[in-house]
Amino acid sequence: MVINESDEATVAAARELLLTPLDQFLTDATRFRIMAVLVGLPEQGRMSFTAVRDLLGMTDGNLGMHLHLLVEVGYADVIKERRGRRMHSLYQATYQGRAAFNAHVAALEAIIAGSRQ
Amino acid sequence: MPDHASFTGSPAVPTPHEAAESLAQAQLAMQRTRRDVAGSSLWPHSITDGIVWLGGFTATQFLSAGLAMIAWIVVGFGTGAVHHILEQKQDHLVESGWGCKAQRIWISFFAGMLCLDLIINSSHPYVVALVNGALWGIAIMVYAILVDDRAHLVLGGSILLLAVVLHTVIPHWSPLLFGLIGGGGMLLEGLAQMWQVRRQW
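(A) Up close: the overall build of chain B. The helix and strand inventory of chain B stands at six helices and one strand. The secondary structure elements of chain B, listed N-terminal to C-terminal, are α-α-β-α-α-α-α. A total of 201 residues make up chain B; the buried ones form 40% of that total. When contacts within chain B are restricted to residue pairs at least 6 apart in sequence, those whose partners lie at least 24 apart make up 75%.

(B) Structural context of the interface of chain A and chain B. Taken together, the 41 residues of chain A in the interface contact 38 residues of chain B. Between chain A and chain B lies a buried interface of about 3,400 Å² when both sides are counted; carbon and sulfur atoms form 66% of it. Applying the counting criterion to the chain A and chain B interface returns zero salt bridges. At the boundary of chain A and chain B, one finds two residue pairs in polar contact (both at pLDDT 80 or more). Of all the elements in the fold, those that place two or more residues in the side of chain A that touches chain B are α2 (29-40), β1 (46-48), α3 (49-56), α4 (60-72), β3 (86-93) and α5 (95-115) of chain A. A class-by-class count of the residues in the side of chain A that touches chain B yields 21 nonpolar, 11 polar and nine charged. In this structure, β1(A) lies alongside strand β1 (residues 94-95) of chain B, joined through two bridges in antiparallel fashion. Within the sheet, the bridge partner assigned to M47(A) lies in β1(B) and is V94(B).

(C) Just the packing of aromatic side chains, in detail. All names here are of chain A. A complete count under the given rule lists eight aromatic pairs over all chains for this structure. Residues F49 and Y91 carry aromatic rings whose centres are separated by 6.5 Å and whose planes lie at 50° to one another, so their mutual orientation is tilted. Within this pair, whereas F49 is found in helix α3, its partner Y91 is found in strand β3, the two being separated by 42 residues in sequence. On the accessibility criterion, F49 (18% relative accessible area) is buried.

(D) Broad picture of the environment of V128(B). All names here are of chain B. In this structure, V128 sits in helix α4 (residues 125-147). With a relative accessible area of 16%, V128 lands in the buried category. Separated by 12 residues in the primary sequence, V128 and L116 have C-alpha atoms spaced 8.8 Å apart.

(E) Inspection of the nonpolar core at higher detail. L26(A), F32(A), M35(A), L38(A), M47(A), Y75(A) and F101(A) are the most contacted members of the largest nonpolar core, which totals 41 residues. Among the elements of the structure, α2, α3, α4, β3 and α5 of chain A together with α1 (16-62) of chain B are those that each provide at least two residues to this core. Apart from the residues within four sequence positions on either side, L38(A) is in contact with L67(A), A76(A), Y91(A), Q92(A), A93(A) and R98(A). Of all hydrophobic cores here, the second largest spans 18 residues; its members include W53(B), M113(B), I140(B) and F178(B).

The rules behind these values
Residues numbered from 1 in each chain as written. Chains lettered and ligands numbered in written order. Predicted model: local features only at pLDDT ≥ 70, side-chain atom pairs only at ≥ 80, totals over all residues. Heavy atoms only, no water. Helix = DSSP H or I, 4+ residues; strand = E, 2+ residues; numbered from the N terminus. Buried < 20%, exposed > 50% of the residue type's maximum accessible area, 1.4 Å probe, protein only. Contact = heavy atoms within 4.5 Å. Buried area = accessible area lost by both parts, 1.4 Å probe. Salt bridge = Lys/Arg side-chain N within 4 Å of Asp/Glu carboxyl O. Polar contact = N/O pair within 3.5 Å; in protein donor to acceptor, adjacent residues only side chain to side chain. Nonpolar A, V, L, I, M, F, W, Y, C, P; charged D, E, K, R; others polar. Pairing = 2+ DSSP bridges. Phe/Tyr/Trp six-rings, centres within 6.5 Å; stacked < 30°, edge-to-face > 60°. Core = buried A, V, L, I, M, F, W, Y, C linked by side-chain atoms within 4.5 Å.

So this is what it looks like as C-alpha cells:
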C-alpha cells in the first residue's frame, strides 16, 4: 500500500487533534467568550461583573451562572471590594484559566487545520 | 445551577465551521476588552485634566503668579473631588492592574514637577507653566505606552509639540493658547473615548 503525502498530512493533523483535547468547560460558546474577556485583560487586570455583562450583552442571571462555574473550577477568581457605598465583584482569569483557554484555542485551531488537509 | 461534577466524559467535537466561529467570537471579545481597558483607564483623567488646564492656564495668562497658583489649586482640587465622586458611582469597572503603580508614578511625577519649578524659578510664569505642560505631555505618553493606548500616546506627543511651538512662535500668549488647545484637546479626547467605551455597553 502506498501512503502518499496528503495521507501523511491528514494523519499528522489527526494526531495533533488527539493530542490537543478540547476543554470540557470551555466547549460552551458563552463560557469560552467570557474566558476570552478575562484573558484579554492584562495579567493583573480585573473587570467588574457589570463590565463583563455590558461587554458581552448578557443578562445578569446567565452571566452569573457561567462565572460561578468558572470560579468553581478555578479558571477565574472573584474579589469583592467596597468602593464608597457599593460592593463590587471583580473578576480576573487565573493562571490555570489562561492555560486552559490557550489549550482550548489550540484545539480549535487543530480542528480547523485538520479540515484543510 | 450546574456544578463541575456534572461535566463527565469527553466534550462533543465542534465542526470546523463551529470552531472557526468560536475563535472569531473569542477574538472579538478579547479585542473589545483591550479597547475597554485602554479607554476606561484614561478617559476620566483626560476630561478632568482638560478642565483643569482650561481654567489653570487661563488664570496663568491673566492673573498674577500668586493668584494663578490659587486658581490652579482650586480648580485642581475641585475637579479631583468631582472625579473621585464619579468614580465611586461607576459600575462598569475595568482595571489594567497598573492601579497602585500608576498612582505612585503620577505622585512621583507631580512631586518632580514641583521641584523642577523651584529650580527653573523663572521671572516669566508662562515659562514655568509651559514646562509643566510639556512634562505632563511626556507623562501621558509614558502612561499610554504602559496601558497600550495609541490615542493618548498621540495626545501626549501633541501636547509636548504644542508647548514647543507656542513657546517659539507666540511666547506671550502661550499659556492661554496652551490651555485652550491642550486642555480643550484633552477634554474632547476624553469625551470621545468615554462615548466610544459607553457605546460598547
